Amino acid sequence: MFLHEVIIAGFGGQGILSAGRLIAYAGMLDGREVSFFPSYGPEMRGGTANCMVVVSEDPIASPVLNRCSALIVMNNPSMEKFERYLKKDGVLIADSSLVKREPTRTDIRYFGLPATLMATDAGNKAFSNIYLMGKLIKETGIITPESFEKALYGVLPQSKHHLIPQEMEALRAGMAI
Amino acid sequence: MFLHEVIIAGFGGQGILSAGRLIAYAGMLDGREVSFFPSYGPEMRGGTANCMVVVSEDPIASPVLNRCSALIVMNNPSMEKFERYLKKDGVLIADSSLVKREPTRTDIRYFGLPATLMATDAGNKAFSNIYLMGKLIKETGIITPESFEKALYGVLPQSKHHLIPQEMEALRAGMAI
Amino acid sequence: MGEKLLMKGNEVIAEAAIRAGCRHYFGYPITPQTEIAHYMAKKMPKVGGVFLQAESEVAAINMVYGAASAGKRVMTSSSSPGISLKQEGISYASGAQLPAVVVNIMRGGPGLGGIQPSQSDYFQATKGGGHGDYRMIVLAPSSVQEMYELTVDAFNLADTYRMLAMILGDGILGQMMEVVNFRDEEPIVQADKSWATTGHGMKREHNVITSIHLDPAVLEQWNKGLQEKYRVIAEKEQRYELYRCEDAEIIIVAYGSVARIAKNVIKVAEEEGIKVGLLRPITLWPFPTKAFEQVIDKPRAFLTVEMSSGQMLEDVMLAVGGRKPVYFTGRMGGMIPQVDDIMAKIREIRAN
Amino acid sequence: MGEKLLMKGNEVIAEAAIRAGCRHYFGYPITPQTEIAHYMAKKMPKVGGVFLQAESEVAAINMVYGAASAGKRVMTSSSSPGISLKQEGISYASGAQLPAVVVNIMRGGPGLGGIQPSQSDYFQATKGGGHGDYRMIVLAPSSVQEMYELTVDAFNLADTYRMLAMILGDGILGQMMEVVNFRDEEPIVQADKSWATTGHGMKREHNVITSIHLDPAVLEQWNKGLQEKYRVIAEKEQRYELYRCEDAEIIIVAYGSVARIAKNVIKVAEEEGIKVGLLRPITLWPFPTKAFEQVIDKPRAFLTVEMSSGQMLEDVMLAVGGRKPVYFTGRMGGMIPQVDDIMAKIREIRAN
Amino acid sequence: MAVVFDRPHALVDIPMHYCPGCTHGIAHRLVAEALDELGIEGKTVGISSVGCSYNNYFYFNCDMIQAPHGRAPAVATGVKRSLPDNIVFTYQGDGDLAAIGTAEIVHAAARGENITVIFINNTIYGMTSGQMAPTTLLSQVTTTTPYGRDPKEHGFPIRVCEMLATLSGPAYIERVSLHDIKHIKKAKEAVKKAFKVQIAGKGFSLVEMLSTCPTNWGMTPLEALDRIKNEMLEYYPLGVYAGKDLEV
Amino acid sequence: MAVVFDRPHALVDIPMHYCPGCTHGIAHRLVAEALDELGIEGKTVGISSVGCSYNNYFYFNCDMIQAPHGRAPAVATGVKRSLPDNIVFTYQGDGDLAAIGTAEIVHAAARGENITVIFINNTIYGMTSGQMAPTTLLSQVTTTTPYGRDPKEHGFPIRVCEMLATLSGPAYIERVSLHDIKHIKKAKEAVKKAFKVQIAGKGFSLVEMLSTCPTNWGMTPLEALDRIKNEMLEYYPLGVYAGKDLEV
Amino acid sequence: MARVTFREDRCKGCGLCIQVCPKQIIRENREKINAHGYFPAEVVEMDKCIGCAFCATICPDCVIKVEK
Amino acid sequence: MARVTFREDRCKGCGLCIQVCPKQIIRENREKINAHGYFPAEVVEMDKCIGCAFCATICPDCVIKVEK
Ligand SMILES: Cc1ncc(C[n+]2csc(CCOP(=O)(O)OP(=O)(O)O)c2C)c(N)n1
Ligand SMILES: Cc1ncc(C[n+]2csc(CCOP(=O)(O)OP(=O)(O)O)c2C)c(N)n1
Ligand code: SF4
Ligand code: SF4
Ligand code: SF4
Ligand code: SF4
Ligand code: SF4
Ligand code: SF4
Ligand SMILES: [Mg+2]
Ligand SMILES: [Mg+2]
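All residue numbers here refer to positions counted from 1 along the written sequence of the relevant chain. All chains are assigned letters beginning with A, and all ligands numbers beginning with 1, in the order in which they are written. For this predicted model, a pLDDT threshold of at least 70 governs which residues receive local features, and a threshold of 80 or more governs which side-chain atom pairs are given and counted, while totals over whole chains, interfaces and linings are taken from all residues. In computing side-chain values, all of the structure's heavy atoms are included and hydrogens and water are not.

For chain G, the name recorded in an unreviewed UniProt entry is 2-oxoglutarate ferredoxin oxidoreductase, delta subunit, with Thermoclostridium caenicola as its organism.

Chain E carries the name 2-oxoglutarate ferredoxin oxidoreductase subunit beta in an unreviewed UniProt entry, which gives Thermoclostridium caenicola as its organism.

Below you can see the structure in the form of structure tokens.
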């Protein structure tokens, strides 16, 4: 059964919500059922942000997850908060340039990527989330790079389409690790 | 069983409510249970006013009457509206200077007093209600002239006590008819 | 022995509040309860208290919020549309656990409706017209004497439980005059108010009155505290009157002024040889389910009578829980149920 | 075939309203439903409609009152505290029999509470948070697709019955994104609006929109008209979903986003070999009592699950009427019931 | 003989419920005359408020809406935004407009909402039996200021025209009085001008009328007119507060 | 070495939640400094409102009450009438004070209620993500005026100080700005004066502070300060609007 | 020549017309009480009427019609 | 001589202090990210500080203590 339940968490401003939205959008393009549920409200201001994405073959019961099959964390508090949400054998991807510790659990698959550093080095800090999505795609197959690219075209305003090749490059770099 | 249920009705400004309040007050002085329920709200403005007074030996179930043992009417609309409230053998007292018709019912005791004329003649139009109360006292014994007088002293401000002898005179004139 | 006076229901509420130690009243005029404000306007300056006519009902309930936060016994009063406007403030005060007394002298609705007596704000009062999981203690007097006593009780209950207590009356009760017997001294509960915001004088941590808790786990915990308090109250504070229920064939359930009419009905029914009793809820919240347990075996049916389309009816049905049939009759929009109407319904029930 | 888009629940409500012919929106910002206003602010000018940010929720509902009087399809939206402020206006519009759509995307209360999802305004929505004997049609979507469809329906129902229809959602539904399938054309009811105040053009008697009738006999008659309308609606407009109830041992009763969580529970229970069904009220008022009649014989118990202290619970108990046990589990203050909690409750019920 | 004065068509031919000598009745007639003379009865929607005039929807012959207490400007906004080609007016008392409805009138004015407001300042709550209004004069005795309005306890009377004139939205604001023939005639011109401003699409217009409440002032109707002249005019100066130079 | 600048005692020593560079933080400090310097922390009750500063009850060390949106002046009235010897202030945003709370601020001012109001004008609803406020400037883009504030649709920005100054109740009203050191120092004097007015029992005092919202203005903190200087000062002139000659 | 017509049933006896009539030809008719209980106003010397309509202008109840 | 002390954990890197310092001795420390994810401000040439407290006056987060 095709069912992916993903949580993405970090600081506000790290592109947490747009990452989740892109995955949901790409999932839709793949013909799957999708849902996206963001954290919201003023606590996002300077504080933390997270979202829950489900991509599934079957109709989605609840968009609110208390367990997930994959988890992306982009700061320390998110690691603290969400590690326990991950199911056994689930995939945990962390931005190791910001997340200072490794997971305590051993029944999961862990991947640390220095995404923020990679992005800063590549010249666009805002793409750090894309490296992590690349890794997610590679490890879970939740969506394909092709649907991701289509999603970018669908979601971004025309004025930002010229950035898409760079973003795809970041995605592939993430997948390659 | 001592139980009097009285409705007093007429125009606003005719002293309808103060008449009812005086009777209730006097009843209290007589050691009886009493209740007083006035019509209220802006419809009183230039319009009609009425009140319901109960004086009883026993605790009073409801202050709101849909039948009464005595009725005082001081204008035509009140005659129209309340005549049917009167119980068989009940007492109906009308200010015949203002109420143009006699009751249609024959199973009641009817008394017409030209109270407004009498009061105007006696020099104080505002006392018209007192003549009618006099008649009520005489026909029903709901209170005594003595308790009525005490009620006047209890209810009126000191500054109006000098009027009380005149009012008692009006009461006795009403009783005398 | 105390004083014995012939007074209007509305005025008695005001007088009772003052006797209960209330020195702060904030309100906005509306029929049929304006006499409360008039009385307060006259009396408060004489007892060193504050009467303030607010710019609106919304402002009034928020002034209450302020005075209650400052630890004072405080009251506001209004009638149906004005009480609707206070719903946000009521929810806030409930959330912040502030003690205060709110009076609703109900009139016919919905909307501007009319000004004649009604009981159609029962749902609003007992289930929460505002948002969120909160309750008020709702007291329903049915005589002027009881308006006095329950108003004093309302202040005590509010302080004891740190919550709102509502006096729910109607135009009949507000406008009628009866004799009231005042006690020489009131039984005043002295509650701890160390939580009040009175200035810390550099002697303690700063106090905070708030209803917001952005962390849902914290807000849930707060709510659990409220619910636990409500459970205790439901256990301890139910009040009711049972009148001639011992051998009643039909028990009327009615509160406030309608309960008085029901007593007339009982007399008339007796004359016809029908045994009718009265179960009169005095606390509408907590609803006196215990009263029903006491009498449930006896009657062949319950008859709820209200000046509404049937609101308390739901609580009666929940209390009876299908064990006996529950009937309803009522009037709306300011009309008062008549003895005849109720008798007709009783005869109909018996004919079934 | 229509358009298929990935959209946020709040935005879908706005888009659906525009598709339903709503060209007038009045609102005041509040989390978690501000996106409705943002969407309207962007879109309305493009379709020749009016988006107006009112000075308050009170003003907003009264602007709705005006636009509805003028015969327009009109909507307002808010979240819990803001809806409390609209109670007077809601009662007025109900009293004046005006059609309009009110959206409440609920958050945790009471008071300022929190901004996370909640269902604790159920009482307020279904029993009348305002004063007087009135009702609103209350629709509870549980998916983004349903937010679209029920919003369109809400306008049609409002116009058909000349009354308010409320969309009752929560922060989950408002904030989540799902794929929504738009129809090419909406099924729009064309109701007679000859009662509207649009200027008589010297061609007819002047129309009047009012909720006041000072004569209580007239006001009662008016109320009887309302009650008769409500009776018809309760008969004709109940909506619900029955999911796997056929052979369910326990039937969960839940609405909105909680009903979705319940579907997860049903899966998990199935894995444990427990047959659980779901009765999902779609109309909260009229409450779908018919659904209960359909399934009442089957389960050994009902389990109501809410994000509240147990409000719909009362309607469930009234519908079940003591014929089966009714249990409750819920979370408050913005906490979301977890599959595990509900499973624990189910195991507990079975152990009884 | 020609008719030189008769009831306007826009005023329904039924008795009004106001107390004897209450100038609410004059205000009504002036509005109705304006509707007649401008030929706009058929396209006008009036909003009655909550106060003694709550049911003037019986009296005005145009389409009418009864609004919640204080909210008439918001209701009017809803109507005007729905029917921009219609004429929309509110008729509000001083309790309604200047107390509970403060936010609504300020914001309708600030928005420059193209509506006309008829504002009856009688320094009291008439309908509910004579409580203090925001416009009650200092020392005035009312049922809620039984010892007279004291600025320390009850604050100062609000001058609505002056306050709203600080906003950029209003096109025309004038204060008039109904205490004698001359002023009634001026009041009528003001009402007409206010409607003309709206017809011309210039924005928010408001006419405040100093009016009597013999009943709650405890005066005869004549004494009440004198009170306007002798006591109210000083605190509430007549004149144009916005749109002095506006030609319509 | 002597300490020439440190956090005031009346400001609790915890981090504040405001966005980087948001001048709400400066306003907080100024209020706290005033409480310190006047020695009134222990007898002050502050009222927080609903806006980004909803939870400044965590920050101010005096007793605090969180009030419903717009109602802080009413809550403050309830407190001040209960504790006349205490010092009571509200802290309100422009949405809170000038939109939903219009009636409450006007009437607290008209009553001359002896309280102090700190009014943060950042021309936007910060907390709820950048909607138009009553003070939003013409043409300003917000989430509810995506095409810019257009006076025809959205009306004109309200100048609160000017409006309240038409009332007789206020003892002291001043508008200040937080956009540079000089103005921050003036702002501090204004805050102190406002509290002194209250201490002296003179009545209602209000200090409006022009403040930034870098987040919802879509600007860096520095650009935001420049916007105050270049755009806001013109429409919102600084100065004393009531109580110019009042000595306290 | 001018004529004023009073709809007596509508008159509330407020006396405003009496006060403003420049010719002082209106008075309260103490002989009559109308259906609402008021003594209505009436013109006593119609021929003195100048049709100025002051009476009608100030009448709050639209009782008076003026012809000239 | 003057000294300023920055509580780096409280700094949000808004840059206001940098802008107002008459001696231009404050800069953003791009090397560090504090617990809240910001690059904190720091003084680079403390001995140039004149203790004017401009930095502290404009700092919205009470990060800075000034001694002289
Ligand atoms: C929400 C609400 N609050 C209060 C009332 C009661 N009320 C009716 S009229 C009125 C005051 C009217 O005074 P004003 O506006 O000055 O009009 P007037 O009667 O003087 O012409 C009040 C407070 C109401 N109907 N609704
Ligand atoms: C009754 C009510 N309506 C709306 C809201 C939502 N709300 C919270 S803050 C806010 C606006 C705040 O803006 P402002 O007062 O300008 O403060 P700022 O955030 O800009 O400092 C609104 C509308 C609410 N909490 N309560
Ligand atoms: S109460 Fe006053 S305002 Fe109302 S109708 Fe009577 S005189 Fe006029
Ligand atoms: S949203 Fe604006 S006002 Fe609110 S804290 Fe951030 S910058 Fe300050
Ligand atoms: S028209 Fe003039 S002169 Fe004639 S009755 Fe009237 S006021 Fe007198
Ligand atoms: S002014 Fe009108 S109502 Fe008054 S007395 Fe003259 S005719 Fe009658
Ligand atoms: S005290 Fe003055 S000189 Fe020193 S760092 Fe701060 S701003 Fe610069
Ligand atoms: S002003 Fe304060 S918060 Fe901003 S950078 Fe400087 S020290 Fe940091
Ligand atoms: Mg008035
Ligand atoms: Mg703001």
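With that settled, the discussion passes to the interface of chain C and chain D. With 57 residues of chain C in contact, the opposing surface of chain D contributes 57 residues. Accessible-area loss on putting two parts together, using a 1.4 Å probe and summing over both, is the definition of buried area adopted here. A buried area of about 4700 Å², summed over both sides, lies between chain C and chain D, and 60% of it is on carbon and sulfur atoms. The salt bridge definition used is simple: a Lys or Arg side-chain nitrogen within 4 Å of an Asp or Glu carboxyl oxygen. At the junction of chain C with chain D, the criterion picks out five salt bridges. With its nearest N and O atoms 2.7 Å apart, the salt bridge here joins Glu-220 of chain C to Arg-331 of chain D. We call two residues in contact when some of their heavy atoms are within 4.5 Å.

So, on to the coordination of the magnesium ion (ligand 10). Residue and element names in this part refer to chain F. For the magnesium ion (ligand 10), the protein coordination sphere consists of Asp-94 (OD), Asn-122 (OD1) and Ile-124 (O), at 2.0 to 2.1 Å. When the donor residues of the magnesium ion (ligand 10) are listed from N- to C-terminus, their spacing reads D-x27-N-x1-I. One end of the pair, Asp-94, is in helix H3 (residues 94–100); the other, Asn-122, is in the loop between strand E5 (116–121) and helix H5 (151–154), with 28 residues separating them in the sequence. Per residue, the accessibility class of Asp-94 equals that of Asn-122, and both read buried. In this listing, donors mean N, O and S atoms no farther than 2.8 Å from the metal, or 3.2 Å for Na, K and Ca; water is missing from the atoms, so a site can look incomplete. Only runs of H or I of at least four residues qualify as helices and only runs of E of at least two qualify as strands under DSSP, and these elements are numbered from the N terminus. Per-residue accessibility, obtained with a 1.4 Å probe over protein chains only, is compared with the maximum for each type, and a residue is labelled buried under 20%, exposed over 50%, and partly exposed between these values.

Within the open sheet, the eight strands sit side by side as E6(B)-E5(B)-E4(B)-E1(B)-E3(B)-E2(B)-E8(C)-E1(C). Their pairing is mixed. Each end of this open sheet is capped by a strand with a single partner; those strands are strand E6 (109–113) of chain B together with strand E1 (4–8) of chain C. For this sheet, the mean angle separating the axes of adjacent strands, direction not counted, is 20°. Against the sheet, helix H1 (residues 9–19) of chain C touches E1 and strand E8 (177–181) of chain C, its axis set at about 120° to E1 of chain C. Here, strands pair whenever DSSP counts at least two bridges between them. Convention adopted: a line fitted to C-alpha atoms gives each axis, helices being fitted over their contacting stretch, and angles between N-to-C directions are expressed from 0 to 180 degrees.

Moving on: the site of ligand 6. Here, proximity means that at least one heavy atom of the residue falls within 4 Å of the molecule or strand. Every residue near ligand 6 is listed here: Phe-6, Cys-11, Lys-12, Gly-13, Cys-14, Gly-15, Cys-17, Ala-41, Cys-59, Pro-60, Val-63 and Ile-64 of chain G. Three classes are used, and their members are as follows: Ala, Val, Leu, Ile, Met, Phe, Trp, Tyr, Cys and Pro are nonpolar, Asp, Glu, Lys and Arg are charged, and the others, Gly among them, are polar. Each residue belonging to the shell around ligand 6 can be placed in one class, and the counts come to nine nonpolar, two polar and one charged.

Our focus in this paragraph is the sheet that holds strand E7 (residues 164–170) of chain D. Residues and elements named next belong to chain D. On the basis of which strands lie adjacent, the open sheet formed by seven strands has the order E3-E2-E4-E5-E7-E6-E13 and mixed pairing. The two strands at the open ends of the sheet, each matched to only one other strand, are strand E3 (50–53) and strand E13 (283–285). Ignoring which end each strand starts from, the neighbouring axes of this sheet average 20° apart. Looking at chain direction, strand E5 (residues 100–106) and E7 are connected through seven bridges and run parallel. By the bridge assignment for E7, Val-102 is matched with Met-166.

Turning chain C through 180° and shifting it by 0.0 Å along the axis lays it on chain D, with an RMSD of 0.0 Å. Within this description, the copies of the chain are treated as partners about a two-fold rotation axis. Measuring from the rotation axis to each C-alpha of chain C, the shortest distance belongs to Gly-129 of chain C, at 1.8 Å. Mapped onto chain D, 100% of the interface residues of chain C again fall at the interface, so both copies present the same surface. Here the copies are matched by least squares. The fit uses the C-alpha atoms of residues with pLDDT of at least 70 in both.

Residues and elements named next belong to chain F. By convention, a stacked pair of Phe, Tyr or Trp rings (six-membered ring in the case of Trp) has centres within 6.5 Å and planes under 30 degrees apart, an edge-to-face pair has planes over 60 apart, and any other such pair is tilted. Using the criterion set out here, one finds 30 aromatic pairs over all chains in the structure. A centroid spacing of 5.5 Å and a plane angle of 85° characterise the contact between Phe-60 and Phe-89, whose relative ring orientation is edge-to-face. Remark: Phe-89 occurs in strand E4 (residues 87–93) and Phe-60 occurs in the loop between strand E2 (44–48) and strand E3 (63–66); sequence separation between them is 29 residues. Like Phe-60, the residue Phe-89 is buried in the burial classification.

Further remarks concern the UniProt feature "domain: Thiamine pyrophosphate enzyme TPP-binding" (unreviewed entry) in chain E. UniProt positions are given in the numbering used here, feature names are shortened, and annotations may be inferred rather than shown by experiment. Cross-referencing UniProt, the feature "domain: Thiamine pyrophosphate enzyme TPP-binding" (unreviewed entry) maps to residues 59–208 of chain E in the present numbering. Within the segment residues 59–208 of chain E, helix and strand shares are 37% and 18% respectively, and the terminal C-alpha atoms sit 20 Å apart.

The next thing to look at is the packing of helix H1 (residues 9–19) of chain D against helix H2 (residues 34–43) of chain D. Angle between the axes and distance between the axes are the two parameters that describe a pair of packed helices. Residues and elements named next belong to chain D. Orientation of H1 relative to H2, taken along the N-to-C sense of each, is 40°, at an axis distance of 7 Å. Viewed along their axes, H1 and H2 adopt a mutual orientation that is oblique. Considering the relative orientation of H1 and H2, their crossing is right-handed. Residues Asn-10, Glu-11, Ile-13, Ala-14, Glu-15, Ala-17 and Ile-18 of H1 form the contact with H2, whose participating residues are Glu-35, Ile-36, Tyr-39, Met-40 and Lys-43. Residues of the contact of H1 with H2, tallied by class, amount to seven nonpolar, one polar and four charged. Small angles under 35 degrees read as roughly parallel and large ones over 145 as roughly antiparallel, with 65 to 115 read as roughly perpendicular and the rest as oblique. Crossing handedness follows the turn of the near helix against the far one: under a right angle anticlockwise gives a left-handed crossing, and clockwise gives a right-handed one.

Residues and elements named next belong to chain D. Tracing the backbone through its elements, the reader meets Val-180 in strand E8 (residues 177–181). Sequence spacing of Val-180 and Leu-284 is 104 residues, and the spatial spacing of their C-alpha atoms is 23 Å. Other than its neighbours up to four places away in sequence, Val-180 contacts Glu-3, Lys-4, Leu-5, Met-7, Val-12, Val-144, Gln-145 and Tyr-148.

In this section: the side chain of Arg-149 of chain E. Mapped onto the elements, Arg-149 of chain E comes out in the loop between strand E5 (116–121) and helix H5 (151–154). By the counting rule applied here, Lys and Arg register as positive and Asp and Glu as negative, while His and the ends of each chain are not counted. No salt bridge is formed by the buried Arg-149 of chain E; its nearest oppositely charged neighbour, Asp-150 of chain E, is found at 8.5 Å.

Let us now look at the packing of helix H12 (residues 312–320) of chain C against helix H12 (residues 312–320) of chain D. Contact geometry of H12 of chain C with H12 of chain D gives a least axis separation of 10 Å together with a crossing angle of 65°. H12 of chain C and H12 of chain D meet at a crossing whose hand is left-handed. Each of Glu-314, Asp-315, Met-317 and Leu-318 of chain C in H12 of chain C lies in contact with H12 of chain D, whose residues at this interface are Glu-314, Asp-315, Met-317 and Leu-318 of chain D. Within the contact of H12 of chain C with H12 of chain D, the residues separate by chemical class into four nonpolar, no polar and four charged.

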